[in-house]
Amino acid sequence: MTDPRTHRSDAVPSVPSVPSVPEPTGASDAPVSPGATGASSRGFEAVLIVVYGLFSLAATARSSVQMLRDFSFAPVAYLLSLVAALTYIAVTIALVRGGRRSTTALVLCLVELAGVLAVGTLSVLDPALFPDATVWSVYGQGYGYVPLLLPVVALFFLVRGRRKGPEASVSAR
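Residues numbered from 1 in each chain as written. Predicted model: local features only at pLDDT ≥ 70, side-chain atom pairs only at ≥ 80, totals over all residues. Heavy atoms only, no water.

Chemist: Looking at this structure, I do not really get the nonpolar core. What am I missing?
Modeler: Soluble, globular proteins show a tendency: their nonpolar side chains are buried together. Membership of the largest hydrophobic core comes to 29 residues, with the highest contact counts inside it found for Leu48, Tyr52, Tyr88, Leu95, Cys109, Trp136 and Leu158. Of all the secondary structure elements, the ones that give two or more residues to this core are α2 (39–70), α3 (75–98), α4 (103–125) and α5 (146–164). No other element matches the eight residues that α3 contributes to this core. In this structure Leu48 touches Leu95, Leu150, Ala154 and Phe157, once residues within four positions along its chain are discounted. (Core = buried A, V, L, I, M, F, W, Y, C linked by side-chain atoms within 4.5 Å. Buried < 20%, exposed > 50% of the residue type's maximum accessible area, 1.4 Å probe, protein only. Helix = DSSP H or I, 4+ residues; strand = E, 2+ residues; numbered from the N terminus. Contact = heavy atoms within 4.5 Å.)

Chemist: I would appreciate a short explanation of the side chain of Ser56 in the present structure.
Modeler: Note on placement: Ser56 falls in helix α2. Given the relative accessible area of 8%, Ser56 is considered buried. Only 2.8 Å separates the side chain of Ser56 from the backbone oxygen of Tyr52, close enough to count as a polar contact. (Polar contact = N/O pair within 3.5 Å; in protein donor to acceptor, adjacent residues only side chain to side chain.)

Chemist: Would you mind going over α3 with me for this structure?
Modeler: Each turn of an α-helix holds 3.6 residues, which means side chains three or four residues apart point in the same direction. Between its first and last C-alpha atoms α3 spans 34 Å; for 24 residues at 1.5 Å apiece the expected length is 34 Å, and the two agree. Of the residues making up α3, those classed as buried are Ala77, Tyr78, Ser81, Ala84, Ala85, Thr87, Tyr88, Val91, Thr92, Ala94, Leu95 and Gly98. Immediately downstream of α3, the backbone of Gly99 shows phi near 65°, a positive value. (Expected span 1.5 Å × (residues − 1).)

Chemist: Explain the environment of Leu68 here, please?
Modeler: Of note, Leu68 is situated in helix α2. The exposure class of Leu68 is exposed, given its relative accessible area of 75%. Taking the C-alpha atoms as reference points, Leu68 and Tyr78, separated by ten residues in sequence, lie 9.9 Å from one another.

Chemist: Teacher, can you tell me more about α4 here?
Modeler: For α4, which comprises 23 residues, the first-to-last C-alpha distance of 33 Å matches the rise-based estimate of 33 Å (1.5 Å per residue) to within 8%. Considered for burial, the residues of α4 that qualify are Ala105, Leu106, Leu108, Cys109, Glu112, Leu113, Gly115, Val116, Val119, Gly120 and Ser123. Sitting at the amino-terminal end of α4 is Ser102, which places a side-chain oxygen 3.4 Å from the backbone nitrogen of Thr104.

Chemist: How should I be thinking about the packing of aromatic side chains in this particular structure?
Modeler: Within a pair of aromatic rings, the relevant descriptors are the distance that separates the centres and the angle that separates the planes. Taken as a whole and assessed by the stated rule, the structure comprises five aromatic pairs. Here the aromatic rings of Phe44 and Phe157 are separated by 5.3 Å at their centres, their planes lie at 55°, and the arrangement is tilted. With Phe44 in helix α2 and Phe157 in helix α5, the pair connects residues that are 113 residues apart, well separated along the chain. When its relative accessible area of 35% is taken as the criterion, Phe44 is described as partly exposed. Residue Phe157 is classed as buried on the basis of its relative accessible area of 4%. One aromatic cluster is present, formed by Tyr52, Phe55, Tyr88, Trp136 and Tyr143 through successive ring pairs. In this structure, Arg100 is placed above the aromatic ring of Phe157, and the distance from its NZ or CZ to the ring centre is 4.0 Å. (Phe/Tyr/Trp six-rings, centres within 6.5 Å; stacked < 30°, edge-to-face > 60°. Lys NZ or Arg CZ within 6 Å of the ring centre and 35° of its normal.)

The quantities given are spatial measurements derived from coordinates; they are silent on function.
Here is the structure:
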């Protein structure tokens, strides 16, 4: 006897069953927020790296021009601009290599914040110490106070990443 399904015009051919793939442990049908997957944190990490990269270039260019033009006019200010540039370069590299779980990035951001606060305070209390502006003068006023805000935002991001545990960043290697 023939199979009745093969003689019907509206019949759908039978498909062999595919074994089901088990769900990962802890998976649920609940929607996953971007923060839970780390997608938004990796996006913010990329933005942070780009901003630090831009400040690396800006501070390096500024200190190079200042030192080549007239180093003797304000050597301390120009060297502090170079220190800012080197700090931004180091933080950029640390974030690229270690992501939000990087201890090096955390320490460098603390050093950066200390530098901004120290130079900013000194430049406000005794402007004669800095005959020419540095990147961190008056808390980064010449750069829209971004030099003051950047390490604070970066520290918040880095500390928050540490609290989430190892799964917080896929880029931590």
